[in-house]
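Letter by letter, the chains look like this.
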Amino acid sequence: MLLTIIMPLYNEEATAAAIIEKVLALPLEKELIIVNNASTDRTREIIGSYGENTAVRIIERPSNIGKGEAVTEAIPLARGKFTVIQDGDLEYDPVDLIKMVELAETRKARAVFGSRILNRRSGISYYRYLWGGKLLTFIANFLFRAGITDESTCYKMVRTDILKQLNIRSQRFEFCPELVAKLARNRIKIEEIPISYFPRKFEDGKKIRWHDGAEAIWTLLKYRFQPLAGFAVKDNQKTEK
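The text that follows walks through the structure, step by step, so that each part is easy to find. (Residues numbered from 1 in each chain as written. Predicted model: local features only at pLDDT ≥ 70, side-chain atom pairs only at ≥ 80, totals over all residues. Heavy atoms only, no water.)

**Some details on helix α3 (residues 67–74)**
Okay, so step 1: What α3 keeps buried is the set Lys-67, Gly-68, Ala-70, Val-71 and Ala-74. The buried residues of α3 occupy one face: seen down the axis, they fall within an arc of 160°.
Okay, so step 2: Lining the buried residues of α3 we find β1 (3–9), β2 (30–36), β3 (56–60), β4 (82–85) and α7 (175–185). (Buried < 20%, exposed > 50% of the residue type's maximum accessible area, 1.4 Å probe, protein only. Helix = DSSP H or I, 4+ residues; strand = E, 2+ residues; numbered from the N terminus. Arc of directions from axis to C-beta. Contact = heavy atoms within 4.5 Å.)

**Some points on the sheet that holds strand β5 (residues 111–115)**
Okay, so step 1: Taken in spatial order, the seven strands line up as β3-β2-β1-β4-β6-β5-β7 in an open sheet, and their pairing is mixed. Strand pairing shows two members of the sheet lacking a second neighbour, β3 and β7 (190–194), which therefore form its edges. On average, each strand axis in the sheet is tilted by 20° relative to the strand beside it, whichever way the strands run.
Okay, so step 2: For β1 and β4, the ladder comprises four bridges, and the chain directions are parallel. Residue pairing for β4: Ile-5 is matched across the bridge by Val-84. (Pairing = 2+ DSSP bridges. Axes fitted to C-alpha atoms, helices over the stretch in contact; angles between N-to-C directions.)

**Regarding the pairing of β3**
Okay, so step 1: Looking at chain direction, β2 and β3 are connected through five bridges and run parallel. Paired with Leu-32 across the bridge in β3 is Val-56.
Okay, so step 2: As for the winding sense of the linkage, the β-α-β connection from β2 through helix α2 (residues 43–48) to β3 is right-handed. (Right-handed = clockwise from strand over helix to strand, strands pointing away.)

**Here's the deal with the layout of surface pockets**
Okay, so step 1: Volume-wise, the second largest pocket comes out at about 160 Å³.
Okay, so step 2: Residue lining of the second largest pocket: Phe-144, Arg-145, Ala-146, Gly-147, Ala-184, Arg-187, Ile-188, Lys-189 and Ile-190, and that is the complete set.
Okay, so step 3: Here the residues of the lining of the second largest pocket are counted per class, giving five nonpolar, one polar and three charged. (1 Å grid on protein atoms, 1.4 Å probe; cavity = no way out; pocket = protein on both sides within 12 Å on 5 of 7 lines; lining within 4 Å. Points joined across faces, edges and corners; volume = space filled by probe spheres on them. Nonpolar A, V, L, I, M, F, W, Y, C, P; charged D, E, K, R; others polar.)

**With respect to a nonpolar patch on the surface**
Okay, so step 1: A cluster of nonpolar side chains, Leu-135, Phe-138 and Phe-142, forms an exposed patch at the surface whose accessible area comes to about 370 Å².
Okay, so step 2: Tracing the backbone shows Leu-135 in helix α5 (residues 127–144).
Okay, so step 3: With a relative accessible area of 42%, Leu-135 lands in the partly exposed category. (Patch = residues over 30% accessible without salt bridge, like charges linked within 9 Å, V, L, I, M, F, W, Y side chains within 5 Å. Areas by Shrake-Rupley, 256 points an atom, 1.4 Å probe, with all protein chains shown as cover. Salt bridge = Lys/Arg side-chain N within 4 Å of Asp/Glu carboxyl O.)

**Some points on the nonpolar core**
Okay, so step 1: With 72 residues, the main nonpolar core has Leu-3, Leu-97 and Leu-183 as its most contacted residues.
Okay, so step 2: A total of seven residues in this core trace back to one element, the largest contributor, which is α7.
Okay, so step 3: Those residues within four positions of Leu-3 in sequence are excluded, and the remaining contacts are Leu-28, Glu-29, Lys-30, Glu-31, Gly-80, Lys-81, Phe-82, Thr-83, Val-84, Leu-97, Val-101 and Met-157. (Core = buried A, V, L, I, M, F, W, Y, C linked by side-chain atoms within 4.5 Å.)

Given below as structure tokens:
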């Protein structure tokens, strides 16, 4: 199997069916792991209608700690060569995953990020989020020489065998900086490709808040100085000393 798509969902009844249909329509050998993070709306009912689809697996969580915990529960189940996260809204277009996979296969890349910054036509939800993302990207590049343009993008595709070795521990939105930090500490080159972005507003269900940015900064700093031994990747020939 080529691609595992992990989709954490929390109260996404307005968009769940549409985004699932878009993912399933991709002309890729894939599997979709949906993690219902204790939604209190009709999300569970909507995703339940896909239970008979052989390309779909559904995890029902009894409580909602955060996006990171939902993702880390699904990672051990991934069977694709690559794994990527897909949010349950319509901000990211799954069609972009096709060119990300093609880039990964062509360049034999171990990590490919979809960059909203590289696409000048991408939308902006709030300018404070745009500049917050640029700050996180600057810090990641300063601390780790990551060489990326969009630290906080949702579309982070990583070879599955590597992802499973990174020992991701995040429970909330700090999943993104933790993944960036651990890839960089293992000297795994992150390729980037432009992607589309159609941001939503708070009134449409956007969940990330300013304190998530503060936690992201702390996460980057924390993993800069933690011993590599706890998340070293055996596949990597150029590990940090």
